[in-house]
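Below are the chains, spelled out letter by letter.
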Amino acid sequence: MASSSKAARLGEEVWKSRVDKINAEVLTLTYGTIVAQLCRDLTLPATANKTDYAAVNAELDRMGYNIGLRLIEDFLAKSNTGTCSSFRETAEVISKVGFKMFLNVVPQVTNWQGVEGKPQAFGLVFEENPLAEFVEYPDDGRAQDELWYSNILCGVIRGALEMVQMQIEAHFVTDVLRGNDTTEMRVTLVRYIEDEMPPDDE
């Protein structure tokens, strides 16, 4: 994959012709129901009704990770993108092909940070987030400061990239649901995973 515009064209082509689609409102409401149930089920120790938002965030990330482990096969089969030659190219493919293919949004790749001239981290800025439509936070004075509502997306990216030999960390740094101007996810490359041979039984 050579360029950002080529990735954008591929994302549009895959979205139009190669993926099954569902109603966006069904996705949004189903996801909202899952988050609401987690908020009811995961409570702080020794309390009956105080939600443990750190546990909800972790569970959403874990669920996303498991989805990402499986979603990458569908992505590779339908997009035919092949292997990315750099972390910068990986970011463009995630934004313009992956998000377009599965959510019909294209977050902007921005805020690159690197080490010794090599890009190691980037931001994905979402102008729109279909998961965050129709959201009403619990009125407990804590949810807006502690819950990362779309945290499942961080897990999806983490799981998918692990399957293509990249260990990354992903987390949201801003969210319009928290009163910020934008929604931004940071993705940081930890390391490339080497193929490891299983230890000998001898």
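Since the model is a prediction, treat every value here as computed from it, not as a measurement.

**Student:** When you look at the environment of V190 in this model, what are you seeing that I'm missing?
**Tutor:** For V190, the position within the fold is in strand β4 (residues 183–192). Along the primary structure V190 and I168 are separated by 22 residues, whereas in three dimensions their C-alpha atoms are 5.0 Å apart. In this structure, V190 is in contact with Q167, I168 and E169, ignoring residues within four places of it in sequence.

**Student:** I keep staring at the pattern of salt bridges and nothing clicks. Help me out?
**Tutor:** Any two side chains of opposite charge can pair if their charged atoms end up close together. On inspection of all chains with the given rule, the structure shows seven salt bridges. Among the ionic pairs, R62 bridges to E59, the shortest N-O distance being 2.5 Å. Placement of both R62 and E59 in helix α3 (residues 53–79) is noted, with a separation of three residues, approximately one turn of the helix. Among the residues examined, R62 registers a relative accessible area of 41% and is labelled partly exposed. A network of salt bridges, in which partner residues are shared, links D140, R142 and E146.

Calculation notes
Residues numbered from 1 in each chain as written. Predicted model: local features only at pLDDT ≥ 70, side-chain atom pairs only at ≥ 80, totals over all residues. Heavy atoms only, no water. Helix = DSSP H or I, 4+ residues; strand = E, 2+ residues; numbered from the N terminus. Contact = heavy atoms within 4.5 Å. Salt bridge = Lys/Arg side-chain N within 4 Å of Asp/Glu carboxyl O. Buried < 20%, exposed > 50% of the residue type's maximum accessible area, 1.4 Å probe, protein only.

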